[in-house]
Amino acid sequence: MKQEKITTAIVKQKKAEGRPITVLTAYDFPMAKIVDEAGIDIILVGDSMGNVVLGYDSTIPVTMDDMVHHVKAVCRGARRAMIVADMPFLSYQASEEEAVRNAGRFLKEAGAQAVKLEGGAEVVGVVRKIVNAGIPVMGHLGLTPQSINQLGGFKVQGKDERVAKKMIADAKALEEAGVFSVVLECVPAPLAKLITESIGVATIGIGASPYCDGQVLVIHDILGLYPGFTPKFVKQYANLHEQAAAAVKQYKEEVEARAFPAPEHCFGMSEEVLEKLY
Ligand code: KIV
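Calculation notes
- Residues numbered from 1 in each chain as written.
- Predicted model: local features only at pLDDT ≥ 70, side-chain atom pairs only at ≥ 80, totals over all residues.
- Heavy atoms only, no water.
- Pairing = 2+ DSSP bridges.
- Helix = DSSP H or I, 4+ residues; strand = E, 2+ residues; numbered from the N terminus.
- Axes fitted to C-alpha atoms, helices over the stretch in contact; angles between N-to-C directions.
- Contact = heavy atoms within 4.5 Å.
- Near = heavy atom within 4 Å.
- Polar contact = N/O pair within 3.5 Å; in protein donor to acceptor, adjacent residues only side chain to side chain.
- Areas by Shrake-Rupley, 256 points an atom, 1.4 Å probe, with all protein chains shown as cover.
- 1 Å grid on protein atoms, 1.4 Å probe; cavity = no way out; pocket = protein on both sides within 12 Å on 5 of 7 lines; lining within 4 Å.
- Sits in = over half its atoms within 2 Å of the grid points.
- Nonpolar A, V, L, I, M, F, W, Y, C, P; charged D, E, K, R; others polar.
- Points joined across faces, edges and corners; volume = space filled by probe spheres on them.

Draft legend 1. Main features of the sheet that holds strand 5 (residues 137-142). Spatial ordering of the closed barrel is given by 1-2-3-4-5-6-7-8, a layout of eight strands whose pairing is parallel. Shown here is a sheet whose adjacent strand axes are inclined to one another by a mean of 25 degrees, direction ignored. Each of strand 3 (82-86) and strand 4 (114-116) touches helix 5 (residues 96-110); the most contacted strand, strand 4, lies at about 140 degrees to it.

Below, the structure written as structure tokens:
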């Protein structure tokens, strides 16, 4: 049976009906399949891939080519979920024209349905151009990891009046520019609630309370696959790193003890052919 693809119209409808929007990251074919088959609405191919897949200590080094390669794999694994491709650092800041071309690559070459980019008032012009090119855009406010060197570390954003007021204005400006949703990362619960009530497009929270219209987390965090730092807002639903480490250790021991491969893992041949080989 052909599955209905999640669209921006469905995201809008879910907000209007108060039905939570589910979002998870994925970066490759098998994970995309798991997430899609679980019925998650949106798969975000986040530039968090730089940390959890490529082993960088920030998202800054991630390139357009890195992203396109992984978005293609995710698109091959997902039938129902909307695929949102994260625009990496410096793929949309230098010029509006370059931003539109890069956003377009995610749809034309990779098969994504939308893109995400970080920032408020400073990216409104770029958002408008990309949206005018027919590409749905998801915004991203609060803790924006591509600006980590400006923000001075991974901290909750919007605790003081100035930053909180700017975030509200940024959310409205992004809505006005045409985004279909906005990620709110590491935002105090009351501010996330206020923004969610102030704009007509869906807010997707990560460390931003249940008051958002939807939630997103990094899949490696919920599965316990990333041995590095785990933020307070993450709930770990499995510990696959520990399970994988135990499995690999057992494999090593069995190979060393000649317990693997066992007869059921081996191929035979006819006695007749075998005799001719001696
Ligand atoms: O890159 C990413 O995975 C993200 C989410 C954490 C929102 O931007």
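Next comes the rest of the write-up.
Draft legend 2. Layout of the site of the ligand. What surrounds the ligand is the set Thr 25, Leu 44, Gly 46, Asp 47, Ser 48, Asp 86, Lys 116, His 140, Val 183 and Ile 206. Note that an oxygen atom of the ligand is positioned 3.0 Å from one of the side-chain N or O atoms of Lys 116. Coverage of the ligand by the protein chains reaches 95% of its 260 Å² of free accessible surface. Mapping the ligand onto the cavity grids shows that it belongs to the largest pocket. Residue composition of the shell around the ligand, by class: three nonpolar, four polar and three charged.

Draft legend 3. Expanded view of the layout of surface pockets. Taken as a whole, the largest pocket holds about 890 Å³ of empty space. Looking at the largest pocket, it is lined by 39 residues, and the ones nearest its centre are Leu 143, Phe 154, Glu 185, Pro 231 and Phe 233. Of all the secondary-structure elements, those providing two or more residues to the lining of the largest pocket are helix 3 (49-52), strand 6 (181-185) and strand 8 (214-217). Classifying every residue of the lining of the largest pocket gives 21 nonpolar, 10 polar and eight charged. Considering only enclosed or pocket space, the second largest pocket measures out at about 610 Å³ in volume. Lining the second largest pocket are 25 residues, with Gly 119, Glu 122, Thr 144, Ser 147 and Gln 150 sitting closest to its centre. Residue assignment for the lining of the second largest pocket shows that the elements contributing at least two residues are strand 5, helix 7 (148-151) and helix 8 (161-177). With five residues, the top contributor of residues to the lining of the second largest pocket is helix 8.

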